[in-house]
Each structure stands twice: as C-alpha cells, then as structure tokens.
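Examining the three-dimensional arrangement
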Amino acid sequence: MWRLRRAAVACEVCQSLVKHSSGIKGSLPLQKLHLVSRSIYHSRHPTLKLQRPQLRTSFQQFSSLTNLPLRKPKLSPIKYGYQPRRNFWPARLAARLLKLRYLILGSAVGGGYTAKKTFDQWKDLIPDLSDYKWIVPDIVWEIDEYIDFEKIRKALPNSEDLAKLTPDFDKIVESISLLKDFFTTGSPGETAFRATDHGSESDKHYKKVSDKEKIDQLQEELLHTQLKYQRILERLEKENKELRKLVLQKDDKGIHHRKLKKSLIDMYSEVLDVLSDYDASYNTQDHLPRVVVVGDQSAGKTSVLEMIAQARIFPRGSGEMMTRSPVKVTLSEGPHHVALFKDSSREFDLTKEEDLAALRHEIELRMRKNVKEGCTVSPETISLNVKGPGLQRMVLVDLPGVINTVTSGMAPDTKETIFSISKAYMQNPNAIILCIQDGSVDAERSIVTDLVSQMDPHGRRTIFVLTKVDLAEKNVASPSRIQQIIEGKLFPMKALGYFAVVTGKGNSSESIEAIKEYEEEFFQNSKLLKTSMLKAHQVTTRNLSLAVSDCFWKMVRESVEQQADSFKATRFNLETEWKNNYPRLRELDRNELFEKAKNEILDEVISLSQVTPKHWEEILQQSLWERVSTHVIENIYLPAAQTMNSGTFNTTVDIKLKQWTDKQLPNKAVEVAWETLQEEFSRFMTEPKGKEHDDIFDKLKEAVKEESIKRHKWNDFAEDSLRVIQHNALEDRSISDKQQWDAAIYFMEEALQARLQDTENAIENMIGPDWKKRWLYWQNRSQEQCVHNETKNELEKMLKCNEEHPAYLASDEITTVRKNLESRGVEVDPSLIKDTWHQVYRRHFLKTALNHCNLCRRGFYYYQRHFVDSELECNDVVLFWRIQRMLAITANTLRQQLTNTEVRRLEKNVKEVLEDFAEDGEKKVKLLTGKRVQLAEDLKKVREIQEKLDAFIEALHQEK
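Residues numbered from 1 in each chain as written. Predicted model: local features only at pLDDT ≥ 70, side-chain atom pairs only at ≥ 80, totals over all residues. Heavy atoms only, no water.

You'll find the protein entered in an unreviewed UniProt entry as Dynamin-like GTPase OPA1, mitochondrial, with Microcebus murinus given as the organism. Per UniProt, the comment on the protein under Subunit (unreviewed entry) is "Oligomeric complex consisting of membrane-bound and soluble forms of OPA1. Interacts with RCC1L; RCC1L acts as a guanine nucleotide exchange factor (GEF) for OPA1 by exchanging bound GDP for free GTP. Interacts with CHCHD3 and IMMT; these interactions occur preferentially with soluble OPA1 forms. Interacts with PRELID1." Its UniProt record, at the heading Catalytic activity (unreviewed entry), says of the protein: "GTP + H2O = GDP + phosphate + H(+)". (UniProt positions renumbered as here; feature names shortened; annotations may be inferred.)

Here it is, written out as structure tokens:
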C-alpha cells in the first residue's frame, strides 16, 4: 500500500511540474523525473526501458536481510513551481550504496560464522600435540630470559603509522560497486531469481535420489574420510618420530642436555609392580585399573595385543599354548620403538627382526622358568614395558587362554588354574575386561563369555572384540549373524562397547604394517560397513586402542584417589602396631636387616685375624694330638714296646713313623687345621654379644657359615710342604736340655694316663659295678658281666705269676684258663677270654710304662751318655719327645697357613655367599622371618605405594 501511495504522490509532483512549465522552451527530460513517476506516467515512452516494480519485490524476498524491519521512506517537502536543473542521480546512488552495505554486512556475518565452524571442525580433527611439548628444547620456553621483547616492541612502528601505509578498503569497495553497476546488464533481482530457480531445480533433482542410495553414499564418504584422516595421523606420527630421533641425536652429541621426566603411564606401572609384590594382610586389596585381556585359546588375544603394541613381541605357535603366565605390558609413548623388562636394563629395538626374535625367546624362557615342575601355567607375572611413537598409554595384562579340555602333556589342574588366574584379575572392580572372541568359529563354542558375564554381569567395564572378521564374513552364511554377535545378542554377556578387528591373514611372518593395510582394505570393501551392520568407529584395531585407552584413563581418574586413601589408612594401622610392639627398634625391612647382618658377619670374619698365634698353635696342637694319639699309642708305641731290646724298639719306631708320615699324617694335619678354623669361625658367629645380640640373625648366620665352609677348600700344595716338615721333625732325636726332657716325660705321662683311664672304664663296663657301687647304689651285675669278672680274676692271677708276659696268650694258656673257670662252674668261650685278656694286659702294660716313666725322670744324664754303663733305657721318652716336637712344628706351620692364606680365603668365600644371598629374594625370605620382619616389610611397601600414588595423582592433576 505504501508503494501505491508513494506512486500517487510522485504523479502529483509530475503534473504540477508540467502545469508550471508553460513559460519554458522544451520539455523536461524524462531522465530527470522521479523513478516511480517515470514508470507510471511515461510508461509508453518508446526510448525508455525501466525496471519492473516486481523485481524490487523479488529481490527483497530472496535477500539475506528479509527479516530486517522495513522503514517508510521520508519524502522531501514538495515546492510547487519550476525547479531548474533538478536531478535524481544522487538518490539512486545512495539507494544502491545502501543495498551494497547490507550485502557486505550479511556476507561478512554469514562468512565469519561459516569460517568459525569450519575452523572448529578442523581443530577437532587435528591430534592433541600437548604430549609432544618435550620435543621442543627447553631454551625455547626460556627465550624471554635471553631476548628483550619489550625493547624490540618499542622499536617497531605503532599502529597509527602502519594504518597510514594500508590502502583505504572503503573507497576500494565503493569503486568496485560503481563499476559493477555500470557493467552489469541485469539487475540484482534478476540474479537472485536465476539463483533461486537454479536452487529449486537442484532440490528437485536431489529429491529424486532414493534415501537408500543417499545413506550408502554418506556411509562411504564417512568411511573414506575416516581412513583419510587415519592416514594423515599415521603420517604425522611418522614425522614426529623422525623429529624425535633428530632431537635425541642432538642431545647425544651434547648440544642440549635436559632431564626427561618420567611419563605418567610409567609412574602408574611402577605402582602396579609394587602392588603385585604386596601381601595385603590388612584387607587392602589392589583395585587399581588395568586392562585384562581374556579369551579362548587361539582366539587372537596375542595378535590383538601385538596390533595395539605395533610389534610382534609374543611367542607364537600353531594351536599350542604359548601364554603360560600373565604378561603385564605397559604401553607408553616414546621417541623409539623399544621394549624392556622391569628387572633388566637391556632394550630390545622393535624395528629390528633380530631383537624381536630375541625378545620373543626371552619371554618364552621367563614363562618356562615361572612354571613349576608338574604344572602347565603359572600365576607369576612377567612385567614388560613397550615404548614407541603413536602408542596409546595404558597397562594391559595378557592372560593364558581359557581351555575347555586338558590335553596330553598338560597338568590335570591346568583348566582350573587358568580359571582361577583369570578370575583373580577380573574380580578387581576397576579392571577393564577386554573379551576376545574368535569370529571364525561358532559363537556357541565360546567359554570365555560365560566367565566374563559372571564377573561383570552388567557389562559396565567389558569391551567385546570380535577377531578374524575377514574369515567370519567368508564362512558365515548369514552376515546378520555377525551383527548379532557385535551387538551382543548371541551371548548372555553385556559390554560397554563392541569392536570388530582383523589381525592378519594367519601368516606369523606378516609385519604390523602389512596387517594394518590388509585390515584397512578389508573394511573399506566389506559389506558389513556398506550394509550398516557395523559402524565406522567399531572397526580397526586403531579405533579399538583409542577406545580402550580412553576407558582406561577414565577408570584411573575415578578410582586412584580412593585407592590412595585406603593405603593411607593401612599405613596408619601398621605404624600404630609397630609403635605398640617395638617402640625402641628402628623399622628395618628385610633388605635393611640383611645389610645389618652382613656387616656383623664380616666383622666376625675379620676378628679371626685378631686371634693370637699362641692361641692358634695351642688349639691346633691339642686337636692334632687328639686326632693321632690313638694311632701313635696303638700302632707305634705298643708294638715297639713289645720288643726285647732298644735297637729293635728304635728300628720299629722309625719304620712306622716313616710310613705314617708318608701316608696319613699330613692329611690328618690339614683336616685338623680346617676343622679348627671352622670351630673358631663358628664360635665368633654364634657367641652372644650381650644386650646387642639380635636372635633374628641366627638362621642367616648359620646358613652363611655352612655355605662358606662348603665352598672353602684348603690349598692343595699344603700337604706336600707339610709332609717334608713333619718328616724332618720326626727324624730329630736330640733333646738339648733337661727342660725338654721333663716336658717329654710329662707329655708321655698324660698320654699314658688318658689311655689307662679309658682302659679302666672299658674293664668296668665289661665286669659291671664293684662292691661299693653295689652296696651304695643298689646296682647288680648281669650274668655276662659275672662271667667277664671271673675271667678277669683268672687272668690277673696269671699276670702276677709272670709280670713280663707277652701281649698275646698262647693256646694252651687259653685252655688252662677255660678249664679253671669250668671247675668253678663258669662256662666261657675262648673269644671271651681273648677280649678280656686284651683289656687286662693293656692295663698292666700302661701301669708298667707309667712306673718306667717315673724312673726316667732322672735319666737325662744317662741319655746324654747314650745310656752307656746303665741298665736304664728311656727310648720311649725319646719317642714321645719326637712326637711332641713334630706336633709343635706342625701346629706352627698350620698357624702360618691359616693366618696368611686360609682366613683371607674364608673371608672372600663369606663375601661371595653374602652377595649370592643378597640377590636371592627367596633365600632372604626363608632366613629372615618373624612378625617383626613382616611388619617392617608391610610398612615399607605401603609407604612406597602411597608415595608413588601421591606422585602419580599430582602428575595426573598437572596433566589435566
């Protein structure tokens, strides 16, 4: 309506102008009139081509500014009368400039919004490179300390000066718009109409496309886009890897050194390693998250792990059980693709086939070592760290495959053991269960799904993975069955997510890159994606690893602080118990106690070198005489004393001494010395140290002593040198002074007295108690003892008749004694008579020798004259002097060997034994036991766990 009113007003203006122009020659040109007036009043003018009013309406209808409120035009007041040279081109130019302003404003707003949205989408697609900040040298972050940016900023020109140098964009836009008006053949309205008509035609054409084809096209584009971005990510990872190598090479050359902080996943893995050794005796269980990989045997668990780790690191076998113990794999990001064990410093380069083979062999050896005799699997965990560019940070535990039947060669309890190991890991409420199912076999044959559904019935921490999808697609008649498996409709278990992967063509020599390419190519052409049975984010091991890593870290952030609080409570309980039970003792764990015991043992070994030479020689001489006295008396002295003259006595003695020295004496002396060293060592090890003595070390000291003595061997050349010394000592018969003579007599008396006492005891045991003991202690003789007593009395009568009787009874003498006893009613056997005679004659001979020894006390004078013109012969005294001197010289020689050589060798053996025990954890646990030790061990481990957890939580908050 307002347009009609405006046209009417314009017509009135034109009419008034015509009426008042009678005095002017020529008519007013139509171009000078109002635009609307020209379009109405002069519509039939032959030379005028004006725009239709509808076009202006159509332009407003399809403009991007149609929602803006339209304002009524304000007409200028009309002045009647002639107005010379009136022109409307400024109004037209202003109207067009106003249109151009709205167009530019709308385009700027719409374009800015579209650009921002596109930028946000690309920003989300770009990977998070915050973890790679360590690649940039620290000097970049500290550059402001070396360069004065404020000084540089002041030196630069200000914004006003720069603005003067820039062109005037407003004038440029105005000029362009004017040129556009002059050169365009059609109006903006026509252009808008053409665009609208073209858009309507494309909409009609688009609607003709069926919905199914549209969905297929969108899915194919989505898959191609995902694969495209995945290739971009892989290319960026390779570039990052090369950049890291360059940075590390520069660091190795000394260009820039810095301390690399321990990664977050490495800190978390250390906490799990400590927890694996902790005995939770205070109801504090390990509930920290880890990814537990379970599945049936040969379902592809190991292959999935290798794809996630991007290396063929596990032993492989066709149908054979290869995973015999749990393997904890800690994946972390690093510049080089390497692997190393927790207890070893060797790094295996996973880019080299030789190192990969060595790593697989080492894992297999460790598994077989963990498996005890008679078993097939072991619950002991092997800890392995794998680092490399692009690896998702997480901790996975590969468990032995679940079996249905125990085959030949397996232990009978193998199936139950595997179930118990799997349940022990899955019962952790924060453990993520990665359930691996073989897609190439019937789902009804699966065992692991029932086990997983028992441990996680609601599926809140289970991720289901279908492997060998390429074989499943070929073999399964109905592809919808795979969809049912992925959606969890064929199993009683529920899961947090479902994934389908391809782990190769079944060839163990395939590389990880080849498997990735094959997997990507398969899913790109697979009907499972094209028919929407699987979604794009549910396929490939790459998506699986990303999903598992996200779930893992989400679980870690939700549970780690709760675990830290529980260990704080445990620590408080343990510290309170220690203060109540051991208030005056330091908290020494098993290793610290072992070090303390080690120092005490070494101090005691050193104390052996402080034993005086006199003490060594005394105990050596005494011990050696105790060892050889029986041989000297029985085999040398007694046979020689039975001879009738001194020449025969000396000859017999020399022969027997030579034989003894060549064969037995050096060996006996070395044995005595070694036993003496053991006794002294044991005495120092076991004697109490007063109040400072700690009986907790007794078992350890005894074990160290026994092992050291077992390893110690005397020098082989000692016997040869000792034989020469002993032979020379026994050859010497010269007694230089009266003191040595008296010492020899004293030594002889002691030896004979000891033998006489032994003989008296033997006779008493043979004949029973005498009359005093029978009366005082009410003891009686047995029938055999009575027979021995009668025989003894009969033999003593014979000796009284002939005191120089020889050592052996003649047969007629035996008969005489037997008949005399039979006449008194005593029946005896000839052998009983001989046994009784041996003890009776031995006592008689020893008493005679002691009497002769007393006579020889004054015989040194005759000895110096070689017993010339004397009836006294003291050759037995000379024999005992030779024996005594040989003992003294042997003791001195052995003492020198002990102090100079053997004590040091024993100390070396003790150190070796202690070092071996220090490396043997089982040995220390066995030898250092008790409540005090266990309490200190628990305290140490709980504190270590708490400290590591606190450090991990702090690093986790910093990463956020």
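**Description of the overall build of the protein**
For the protein, the count of helices and strands is 35 helices and nine strands. When each of the 960 residues of the protein is scored for burial, the buried share is 40%. A fraction of 80% describes how many contacts in the protein between residues 6 or more apart in sequence connect residues 24 or more apart. A total of about 57100 Å² of accessible surface is found on the protein, and carbon and sulfur atoms cover 52% of it. (Helix = DSSP H or I, 4+ residues; strand = E, 2+ residues; numbered from the N terminus. Buried < 20%, exposed > 50% of the residue type's maximum accessible area, 1.4 Å probe, protein only. Contact = heavy atoms within 4.5 Å. Areas by Shrake-Rupley, 256 points an atom, 1.4 Å probe, with all protein chains shown as cover.)

**Here's the deal with helix α33 (residues 875-919)**
Side chains three or four residues apart in an α-helix point the same way, a direct result of the helix having 3.6 residues per turn. Helix length check: α33 (45 residues) gives 62 Å between terminal C-alpha atoms against 66 Å at 1.5 Å per residue, within 8%. A maximum bend of about 45° is found in α33 at L898. (Expected span 1.5 Å × (residues − 1). Bend = angle between axes of the 7 residues up to and from the residue.)

**Things to note about the state of the cysteines**
Two cysteines form a disulfide when their sulfur atoms are joined by a covalent bond. Tallying each qualifying case throughout the model produces one disulfide. Residue pairing for C856: its cysteine sulfur links by disulfide to C874, the two sulfurs lying 2.1 Å apart. On the S-S bond that ties C856 to C874, the torsion sits near -100°, and the link is left-handed. Here C874 lies in the loop between α32 (860-864) and α33 and C856 lies in the loop between α31 (830-855) and α32, a separation of 18 residues in the sequence. With respect to burial, C856 and C874 carry one shared label: buried. (Disulfide = S-S within 2.5 Å.)

**A closer look at the packing of aromatic side chains**
Here the structure, examined in full by the defined rule, presents 15 aromatic pairs. Where Y268 meets F952, the ring centres are 5.1 Å apart and the plane angle is 45°; that geometry is what we call tilted. Of this pair, Y268 sits in helix α11 (residues 264-276) while F952 sits in helix α35 (residues 931-959), placing them 684 residues apart in sequence. Look at Y268 and you get buried, because its relative accessible area is 0%. By relative accessible area, which is 0% here, F952 ends up buried. Centroid distance Y841 to F845: 6.5 Å. Interplanar angle 25°. Geometry classified as stacked. In this pair, Y841 and F845 are both assigned in helix α31, four residues apart and thus about one turn of the helix distant. With respect to burial, Y841 and F845 carry one shared label: buried. When the ring centre of F341 is taken as reference, the NZ or CZ atom of R366 above it lies at 4.0 Å. (Phe/Tyr/Trp six-rings, centres within 6.5 Å; stacked < 30°, edge-to-face > 60°. Lys NZ or Arg CZ within 6 Å of the ring centre and 35° of its normal.)

**As for the side chain of E902**
Secondary-structure assignment places E902 in helix α33. When neighbours within four sequence positions are excluded, E902 is seen to be in contact with L677, H712, K713, W714, N715 and Q897.

**Describing a negative patch on the surface**
A cluster of acidic residues, E380, E912, E915, E919, D920 and E922, forms a negative patch at the surface. Among the elements that line the negative patch, the one with the most residues is α33, at three residues. Relative to the helices and strands, E919 resides in helix α33. (Patch = residues over 30% accessible without salt bridge, like charges linked within 9 Å, V, L, I, M, F, W, Y side chains within 5 Å. Salt bridge = Lys/Arg side-chain N within 4 Å of Asp/Glu carboxyl O. Lys, Arg positive; Asp, Glu negative; His and termini not counted. Charge placed at Lys NZ, Arg CZ, Asp CG, Glu CD.)

**Concerning the confidence of the model for the protein**
Of all residues in the protein, 72% have pLDDT values of 70 or greater, and the mean over the chain is 76. No element of the protein has a lower mean pLDDT than helix α2 (residues 35-41), which averages 37, and none a higher one than strand β1 (residues 291-295), which averages 92. Scored below 50 in pLDDT, residues 251-260 makes twelve contacts in the model with residues more than four places away or belonging to other chains. In the predicted structure, residues 279-284 sits below a pLDDT of 50 and forms eleven contacts with residues beyond four places in sequence or in another chain. (pLDDT = per-residue confidence, 0-100.)

**So, the pairing of strand β8 (residues 462-467)**
In terms of residue burial, β8 counts as a mostly covered element, since six of its six residues are buried. The alternating pattern of β8 places T462, F464 and L466 on one face and I463, V465 and T467 on the opposite face, and all of these are buried. Sheet topology places strand β7 (residues 432-438) next to β8; six bridges connect them, and they run parallel. The partner of I436 across the bridge, within β8, is V465. (Pairing = 2+ DSSP bridges.)

**With respect to the pattern of salt bridges**
Under the definition given, this model contains 40 salt bridges. Of the charged contacts, one joins E707 and R711 as a salt bridge, the two residues approaching to 3.0 Å between their closest N and O atoms. With a gap of four residues between them, E707 and R711 both fall in helix α25 (residues 698-711), about one helical turn apart. Residue K792 pairs with E796 through a salt bridge whose shortest N-O separation is 3.2 Å. Separated by four residues within a single helix, K792 and E796 lie in helix α29 (residues 783-801), roughly one turn from each other. We classify K792 as buried; its relative accessible area is 10%.

**Focus: a positive patch on the surface**
A surface patch of positive charge is lined by K699, K710, K923 and K926. Residue classification places K926 among the exposed positions, given a relative accessible area of 59%.

**A closer look at unusual backbone geometry**
Positive phi, normally seen in glycine, also occurs at S298, with a value near 65°. Along the chain, S298 turns up in the loop between β1 and α12 (301-309). Backbone geometry places K468, a non-glycine residue, at a positive phi of 55°. Examined against the element boundaries, K468 turns out to sit in the loop between β8 and α16 (469-475).

**Observations concerning the packing of helix α23 (residues 646-663) against α33**
Packed helix pairs are specified by the crossing angle of their axes together with the interaxial distance, meaning the distance between the axes. Packing of α23 against α33 leaves a shortest axis separation of 10 Å and a crossing angle of 20°. Regarding the angle of α23 to α33, the classification is roughly parallel. Taken as a pair, α23 and α33 cross one another with a handedness that is right-handed. For the pair α23 and α33, contact is made by S646, F649, N650, V653, D654, L657 and W660 and by N875, D876, L879, R882, I883 and M886, respectively. Tallied by class, residues from the contact of α23 with α33 come to seven nonpolar, three polar and three charged. (Axes fitted to C-alpha atoms, helices over the stretch in contact; angles between N-to-C directions. Parallel < 35°, antiparallel > 145°, perpendicular 65-115°, else oblique. Left-handed = near helix turned anticlockwise from the far one by under 90°. Nonpolar A, V, L, I, M, F, W, Y, C, P; charged D, E, K, R; others polar.)

**A closer look at the environment of V386**
On the secondary structure map, V386 appears in strand β5 (residues 382-388). In the structure, V386 is positioned 48 residues away from V338 in sequence and 5.9 Å away in space, judged by C-alpha atoms.

**As for the sheet that holds β7**
Ordered by their spatial adjacency, nine strands build an open sheet running β4-β3-β5-β2-β6-β1-β7-β8-β9, and the pairing between neighbours is mixed. Both edges of this open sheet fall to β4 (348-349) and β9 (497-500), since each of them pairs with a single strand only. Judged from the seven bridges that link them, strand β2 (residues 327-333) and β5 form a sheet pairing that is parallel. Within β5, the residue paired with S332 across the bridge is K387. Of the strands in this sheet, β1, β2, β5, β6 (394-398), β7 and β8 are in contact with α12, which crosses β6 at around 160°.

**Looking at α29**
If you check α29, its first and last C-alpha atoms are 28 Å apart, about what 19 residues at 1.5 Å a residue would give, namely 27 Å. Of all the positions in α29, only Q785, V787, H788, N789, T791, K792, E794, L795, M798 and L799 are classed as buried. Looking at the buried residues of α29, the elements they touch are α27 (738-767), α30 (811-823) and α31.

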